[in-house]
Each structure stands twice: as structure tokens, then as C-alpha cells.
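These are the residues of each chain, in order.
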Amino acid sequence: MRRLVAALLIGLAASPAVAQTRYDTPWAHVETPAPGPARSIGGPARGCIAGAVALPAEGEGFQVLRRWRNRFWGNPELTRFITRFGGEVAATLKRPVLIGDMSQPRGGPMATGHRSHQMGVDVDILFTLGPMAASAREALKDPPSMLRPGGLSVDGGRFAAAQVSLLRLAARDADVARVFVNFRLKKQLCDTLPAGNRAWLNKIRPWAGHDEHFHVRLRCPADSPACEDQDGVPPGDGCDETLDAWFRPPPPPDPNAPKPPPPKIPQLPAACDAVLNTP
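Residues numbered from 1 in each chain as written. Predicted model: local features only at pLDDT ≥ 70, side-chain atom pairs only at ≥ 80, totals over all residues. Heavy atoms only, no water.

## Here we look at the overall build of the protein
Helices and strands together make up the secondary structure of the protein, namely seven helices and eleven strands. In terms of C-alpha radius of gyration, the protein reaches 19 Å, essentially the compact-globule figure of 19 Å for 279 residues. Referenced to the eigenvectors of the C-alpha coordinate spread, the extents of the protein come out at roughly 55 × 50 × 35 Å. By residue count, 50% of the 279 residues in the protein fall in the buried class. In the protein, once contacts between residues fewer than 6 apart in sequence are set aside, the share between residues at least 24 apart is 79%. Summing over all exposed atoms, the protein offers an accessible surface of approximately 13500 Å²; the carbon and sulfur share of this is 57%. Computed over 33 positive and 27 negative side-chain charges, the inter-centroid distance for the protein is 3 Å. (Helix = DSSP H or I, 4+ residues; strand = E, 2+ residues; numbered from the N terminus. Rg over C-alpha atoms; globule rule 2.2 N^0.38 Å. Buried < 20%, exposed > 50% of the residue type's maximum accessible area, 1.4 Å probe, protein only. Contact = heavy atoms within 4.5 Å. Areas by Shrake-Rupley, 256 points an atom, 1.4 Å probe, with all protein chains shown as cover. Lys, Arg positive; Asp, Glu negative; His and termini not counted. Charge placed at Lys NZ, Arg CZ, Asp CG, Glu CD.)

Pasting the structure below:
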């Protein structure tokens, strides 16, 4: 695990946009879902979805951001989770959550942004709560970060009780496999929550970025046998050496190292060909 985290940190140092993509992909040009029953195929970073359903622009406890991106599609299990989560947030915090990217109509690689979100089981949710006017939701560019300027410490005025409640509600949902947050936010949770009240931190996984939103990933839906789950999260609350490793400085860059190649479109499962090309 230490070697894995060290490798990730080296990659982050070499490429601040480590989780970004920028290439042309036919999946980004498809405007409608593939017909038929819902099926999530492949894995989060190399997959697709047939029978995707659209999340409405608004519902009880949620509002969707930037629908012009056409990334408000997912497996029905994902839309059910968002509806369920929104209702819980509305009952608890009396305000709606703001929903960011889900998947494209048929999933697959996105031309810009994420390397995951490909099979309809991922969703980004802002830490900042709504409500927000429809015009502002469409024009939103830079949501507020939960870190102070410079990104080296947590802004306690923004990352407060409401944001902890959002993460707790998401992590306690039985269909949720992981919740990705900035590693400094995970550290803040480990340092401030009492030991007897943080078993749910097991699902809160540290990552780079993710300081203005958190990323929820569901388990593979039962009706999708071709869906590939990640390995389960390790036991414990994650407030351990694997988290500390994120704070160690990476080794200095090698001046003689070759320039990293541009990101390539992943090789998708063969079943995704039919999903992409079905009229």
C-alpha cells in the first residue's frame, strides 16, 4: 500500500490534472441512451451503460448543475440513490444538495474531466448546499473549495457540521461502495471525530482534488452481471499510515524523465461496442 500511495503522489506531482482527460471520444457525442434494460458494463474507468435514465433537473432535496454537459445519466440504482439521499438531506439539513456530473447517456470516456464516471454508478455532489437558481446552476464554474487559499489547510468555516453530515449520510447508505474526498478533508475528519463515532469513515477514501465536491461510487447493481466492482475497502476507519502517506512530499522530479504521454482512450469491454453503435 505504501508503494501504491507513493506512486500516486509522484503522478500527482508530475501532473496536477492527474484525474483529467482531454481527447476526442465518440461517447461524448452521443445525445441519447441506448435502448433496453439498464446494464452497467465494465469498470468505473473503462465501461459503459445501456438503458441509462436521466435524473430530473430538480427533485426533493436535490438540484442538478450544468445540465448543458449532458452528464445527468446513470443506472436507475444511481438515480434512486440520489433521490433517497436528497430526501435524507432535506429532512436533516432543510436544504437541497447540488448534483454535479454523473455519466453520459451511454457512459464511456468523457472528452474532458473524469477518467471514471463511465458506467452510471458515479456522481459528484457539491459540499456547498443549495438552493441555487436555475440560471446560476447552469453558469457555475468554480464552486467554493473547502480548503483555505493555497490548499494546505481546511477552511473550518466552510467544512463544518453540515458537510460532515453530507458525508455521513452518503457513507451509511448500503448501496455506496466509496466516497472520495480530498485527503486533507479526510484528515480533518480523523482528527476531530470521536473514536466511537467514526466507523463510517471506512468508506471515506482520500484522494487529490475533491475539495469542492465529493464523489460517490455505488456498488455494482444486481441486474448488471458484466459490471466489475472494485476490491472492497480495507477494514478500519482509514485514519492510519495510508492516510499519512498522502502528506509526505513526493521525491523530486527526474529532469531526465521523458514527458508523459497524453491520456489515451481506454480499451472498453467488447459489449460496449453495441451500446455505442445501437441507434
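## Overview of the nonpolar core
Core analysis: the biggest nonpolar cluster contains 48 residues, and F81, I99, L167, F214 and V216 have the highest contact counts within it. When contributions to this core are tallied by element, the ones reaching two or more residues are β5 (62-64), α2 (76-93), β7 (97-99), β8 (122-126), α4 (161-171), β9 (176-182), α5 (183-192) and β11 (213-218). Aside from chain neighbours lying at most four places away, what touches F214 is F85, V123, D124, I125, L126, F127, L166, L167, A170, V179, F180 and V181. A34, C48, A50 and C272 belong to the second largest nonpolar core, which has ten residues in total. (Core = buried A, V, L, I, M, F, W, Y, C linked by side-chain atoms within 4.5 Å.)

## Some thoughts on the pattern of salt bridges
All told, the structure shown has twelve salt bridges when counted by the stated rule. Where D173 meets R84, a salt bridge forms, and the shortest distance between an N and an O atom there is 2.8 Å. Taken as a pair, D173 in the loop between α4 and β9 and R84 in helix α2 lie far apart in primary sequence, 89 residues in all. On the basis of relative accessible area, D173 is assigned to the buried category, the value being 9%. Among the charged side chains, a network of salt bridges with common partners joins R69, R71 and D101. (Salt bridge = Lys/Arg side-chain N within 4 Å of Asp/Glu carboxyl O.)

## Remarks on the pairing of strand β1 (residues 39-43)
On any regular strand, side chains alternate: one points to one face of the sheet, the next to the other face. Across the five residues that make up β1, a large majority, four, are buried. Pairing analysis gives five bridges linking β1 to strand β2 (residues 46-50), with the strands arranged antiparallel. Bridged to I41 within β2 is C48. Connecting β1 to the next strand, β2, in antiparallel fashion are two residues. (Pairing = 2+ DSSP bridges.)

## A look at the confidence of the model for the protein
Confidence in the prediction for the protein averages 91 pLDDT; 93% of positions are at 70 or higher. Note on residues 1-18: pLDDT under 50 across the span, and 18 contacts to partners over four residues away in sequence or across chains. (pLDDT = per-residue confidence, 0-100.)

## A word on the state of the cysteines
Scanning the entire structure with this criterion turns up three disulfides. Here C220 pairs with C227 through a disulfide, and the sulfurs are 2.0 Å apart. Around the S-S axis, the bridge from C220 to C227 shows a dihedral of about -75° and counts as left-handed. Each member of the pair C220 and C227 is classed as buried. Assigning the bonded cysteines of the protein consecutive numbers by sequence position, one obtains the connectivity 1-6, 2-5, 3-4. (Disulfide = S-S within 2.5 Å.)

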